[in-house]
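Inside the fold
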Amino acid sequence: MKFSSQEEYGLRCLLQLARRGGTGAGLTIGEISREEGLSAAYVAKLMRLLRLGGFVDSVRGQEGGYSLSRPADSILVSDVLIALGGKVYEHDFCEHYSGTEDSCLHTVSCSIRPLWRRVQEAIDTALRGLTIADLLPSRDVVSITLERIEQA
């Protein structure tokens, strides 16, 4: 299973904002682009998705830029990943993979759907409660994640 570059770089853009003081501390697309080594066009696309997802605010003008819409410790990583790329398994999964038919031929006796459901449950468990603040360098995200998995 892979996570997309959009999810990776979107998280990295949010972390840039979180490192700069979170809400109110604006960064421009150019600044984020330079810090992450990404094209300005790609950063603009990511920031648009993050703004539409409610994770960042934007201010136009000379003093403008992007900032977190709320504190980093209240932005869940799972919500960000969903906004940037969606879930691995959604309830309408089979509707998208019906081949040339109107509906999946294996709707009644599917042995793959339970696999994707379990994978999604594992992802949800691993990310449960994990915030952007937890991803900042001063935090041990591996220990935090393992602790949350053990609690589940």
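Further up the page is the structure itself.
In this report, we go over the structure that sits alongside the text.

Reading guide: rules and limits
Residues numbered from 1 in each chain as written. Predicted model: local features only at pLDDT ≥ 70, side-chain atom pairs only at ≥ 80, totals over all residues. Heavy atoms only, no water. Pairing = 2+ DSSP bridges. Helix = DSSP H or I, 4+ residues; strand = E, 2+ residues; numbered from the N terminus. Buried < 20%, exposed > 50% of the residue type's maximum accessible area, 1.4 Å probe, protein only. Salt bridge = Lys/Arg side-chain N within 4 Å of Asp/Glu carboxyl O. Phe/Tyr/Trp six-rings, centres within 6.5 Å; stacked < 30°, edge-to-face > 60°.

What follows concerns the pairing of strand E2 (residues 65-68). On a regular strand, each side chain points to the face opposite its neighbour's, so the side chains alternate between the two faces of the sheet. Note: strand E1 (residues 56-59) against E2, 4 bridges, orientation antiparallel. Following the sheet pairing, Asp-57 is matched in E2 by Ser-67. The antiparallel hairpin formed by E1 and E2 contains 5 residues in its connecting segment, where Gly-61 sits at a positive phi of about 105°.

Structurally, Gln-62 can be placed in the loop between E1 and E2. Of the residues examined, Gln-62 reaches a relative accessible area of 82% and is grouped as exposed. Taking the C-alpha atoms as reference points, Gln-62 and Thr-28, separated by 34 residues in sequence, lie 9.7 Å from one another.

What follows deals with the pattern of salt bridges. Under the definition given, this model contains 3 salt bridges. Measuring nitrogen to oxygen at the nearest pair gives 2.6 Å for the salt bridge that ties Glu-36 to Arg-12. Linking Glu-36 in helix H2 (residues 29-36) with Arg-12 in helix H1 (residues 5-19), this pair joins segments that are 24 residues apart in sequence. Taking the relative accessible area as the measure of exposure, Glu-36 reaches 12% and is therefore buried. The salt bridge involving Glu-35 is made with Arg-20; its shortest N-O contact spans 3.6 Å. One end of the pair, Glu-35, is in helix H2; the other, Arg-20, is in the loop between H1 and H2, and 15 residues separate them in sequence. Linked by salt bridges that have partners in common, Glu-8, Arg-12 and Glu-36 make up one network.

Take the packing of aromatic side chains next. According to the stated counting rule, one finds 1 aromatic pair in the structure shown. Aromatic side chains Tyr-9 and Tyr-42 sit 5.9 Å apart centroid to centroid with 85° between the ring planes, which places their arrangement in the edge-to-face category. With a gap of 33 residues between them, Tyr-9 in helix H1 and Tyr-42 in helix H3 (residues 40-52) connect regions that are remote in the sequence. For Tyr-9, a relative accessible area of 25% puts it in the partly exposed group.

The values are spatial; any link to function lies outside them.
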